[in-house]
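Observations on chain architecture
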Amino acid sequence: MSHNLLKGKKGIIFGALDEKSIAWKTAIRCHEEGAELLLTNAPVAMRMGEIKKLAEAVNAPVVPCDVSSNEDVDKLMEEAMKHFGGGVDFILHSIGMSINVRKGLGYTDNNYEFTHKGFDISALSLHRVLASAMKHDAINEWGSVVALSYIAAQRVFPDYNDMADNKAVLESIARNFGYQYGVKKHVRVNTVSQSPTRTTAGSGVKGFDGFINYAEKMSPLGNASADDCANYCVTLFSDMTKMVTMQNLFHDGGFSFTGVTQAVIEQMEK
Ligand SMILES: NC(=O)c1ccc[n+]([C@@H]2O[C@H](COP(=O)([O-])OP(=O)(O)OC[C@H]3O[C@@H](n4cnc5c(N)ncnc54)[C@H](O)[C@@H]3O)[C@@H](O)[C@H]2O)c1
């Protein structure tokens, strides 16, 4: 159901890999709410070809961009300005990658080259995107930028590995750049801290099944799905949340503020 919340707005969506991706679902919902979109992903992810299906569904061009490359990000901003004939109103940063996680190297055995690469892609990329957007004046007045995070930025989830550090920095960049962009052009920047979700990136974390089932039991509303997350992002891109900035917003069915639930107590008593 559409409420035309994004009618007349233009946006860039980073990170739609396949139908399970949070970015994929968000692109579909933004389109339904009347937004015009430009999609982007790393060249290697685009070779899988799935994104073409999404591009057709939401009638959007696809521009390759490796977010660890300054040149790629600058080119993307230029292409977006050219395509839309001006700036955009919103950007979704839905990107995460850890080679340490992928290779099964535990937190105390991290390979620092992998750590650097993962940090560059998962955290520093938000700074790079915002700095390039500012340089190109590519975000309109009262624009909105959302990046996806996870509660491992605040609490320890041992197998989340170096991604925990990446998310802590990502949230810090959203706060600090949110200040700068707010003062300069009323652009707001927030992170959404999402429940564990079955996607390619999510399922890569060791023990994911235990992780997601535990979160489900520890959340009074249950885990938030990728579709729920897409809806929440739509509200954050809309004018209805115009004065919200520099926040880390928990979108997790209440997990973050729950000490224990009856369901978990019952399990422990068995
Ligand atoms: N799935 C979860 O449990 C969960 C929970 C909280 C937060 N998040 C966050 O949500 C975001 C989206 O992840 P997802 O779960 O939809 O998984 P996903 O695997 O579908 O998306 C991750 C995306 O990052 C892209 N990416 C990786 N390296 C890149 C690069 N160099 N340049 C550009 N793009 C690159 C991938 O191609 C992919 O599209 C991530 O930030 C993730 O950490 C996920």
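The rules behind the values
- Residues numbered from 1 in each chain as written.
- Predicted model: local features only at pLDDT ≥ 70, side-chain atom pairs only at ≥ 80, totals over all residues.
- Heavy atoms only, no water.
- 1 Å grid on protein atoms, 1.4 Å probe; cavity = no way out; pocket = protein on both sides within 12 Å on 5 of 7 lines; lining within 4 Å.
- Points joined across faces, edges and corners; volume = space filled by probe spheres on them.
- Nonpolar A, V, L, I, M, F, W, Y, C, P; charged D, E, K, R; others polar.
- Pairing = 2+ DSSP bridges.
- Helix = DSSP H or I, 4+ residues; strand = E, 2+ residues; numbered from the N terminus.
- Axes fitted to C-alpha atoms, helices over the stretch in contact; angles between N-to-C directions.
- Contact = heavy atoms within 4.5 Å.
- Near = heavy atom within 4 Å.
- Polar contact = N/O pair within 3.5 Å; in protein donor to acceptor, adjacent residues only side chain to side chain.
- Areas by Shrake-Rupley, 256 points an atom, 1.4 Å probe, with all protein chains shown as cover.
- Sits in = over half its atoms within 2 Å of the grid points.
- Core = buried A, V, L, I, M, F, W, Y, C linked by side-chain atoms within 4.5 Å.
- Buried < 20%, exposed > 50% of the residue type's maximum accessible area, 1.4 Å probe, protein only.
- Patch = residues over 30% accessible without salt bridge, like charges linked within 9 Å, V, L, I, M, F, W, Y side chains within 5 Å.
- Salt bridge = Lys/Arg side-chain N within 4 Å of Asp/Glu carboxyl O.

Let's shift gears to empty space enclosed by the protein. The full count for this structure, using the stated rule, is 1 cavity of 30 Å³ or more. Class assignment of the residues belonging to the lining of the largest cavity gives a composition of 5 nonpolar, 3 polar and 1 charged.

What follows deals with the sheet that holds strand β6 (residues 188–194). Across the sheet, which stays open at both edges, the 7 strands sit in the order β3-β2-β1-β4-β5-β6-β7 with parallel pairing between neighbours. At either margin of the open sheet sits one strand with a lone partner, and together these are β3 (62–64) and β7 (248–251). Averaged over neighbouring strand pairs, the angle between their axes works out to 20° when direction is ignored. Pairing analysis gives 5 bridges linking strand β4 (residues 88–93) to strand β5 (residues 139–149), with the strands arranged parallel. Following the sheet pairing, V88 is matched in β5 by I139. Of the strands in this sheet, β1 (10–14), β2 (36–41), β3 and β4 are in contact with helix α4 (residues 70–84), which crosses β2 at around 160°.

In this section: the site of the ligand. Lining the immediate environment of the ligand, one finds 29 residues, of which S21, N41, K167, T197 and T199 sit closest. V67 has a polar backbone atom sitting 3.1 Å from a nitrogen atom of the ligand. Contacts to the ligand include T199, whose side-chain N or O atom sits 2.4 Å from an oxygen atom. Bound to the protein, the ligand loses 93% of the 820 Å² it would expose on its own. Judged by the fraction of its atoms near the pocket grid, the ligand is located in the largest pocket. Elements with a minimum of two residues in the shell around the ligand: β5 and α8 (200–203). Among the elements that make up the shell around the ligand, the one with the highest residue count is α8 (3 residues). A class-by-class count of the residues in the shell around the ligand yields 15 nonpolar, 12 polar and 2 charged.

The next thing to look at is the nonpolar core. Among the nonpolar cores identified, the biggest contains 33 residues, and I12, F14, I91, L126, I139 and V145 are the most heavily contacted of them. Residue assignment for this core shows that the elements contributing at least two residues are β1, α4, β4, α6 (112–136), β5 and α7 (163–185). Residues in contact with I91, not counting those within four places in the same chain, are I12, F14, M77, V129, I139, S144, V145, V146 and F237. Residues A23, L236, F237 and L249 belong to the second largest nonpolar core, which totals 29 residues.

Attention now goes to the layout of surface pockets. In this model, the largest pocket occupies a volume close to 1300 Å³. In terms of lining, the largest pocket is formed by 43 residues, of which the most central are I95, G96, M97, T200 and A201. Among the residues making up the lining of the largest pocket, the classes are represented as 24 nonpolar, 14 polar and 5 charged. Here the second largest pocket is characterised by a volume of approximately 160 Å³. Surrounding the second largest pocket, N100, V101, G104, L105, G106, Y107, P158, D159, N161, G204, V205 and K206 form its lining.

Taken together, the side chains of Y179, V183 and M246 present a nonpolar region at the surface, about 290 Å² in accessible area. As for its placement among the helices and strands, M246 is situated in the loop between α10 (226–237) and β7.

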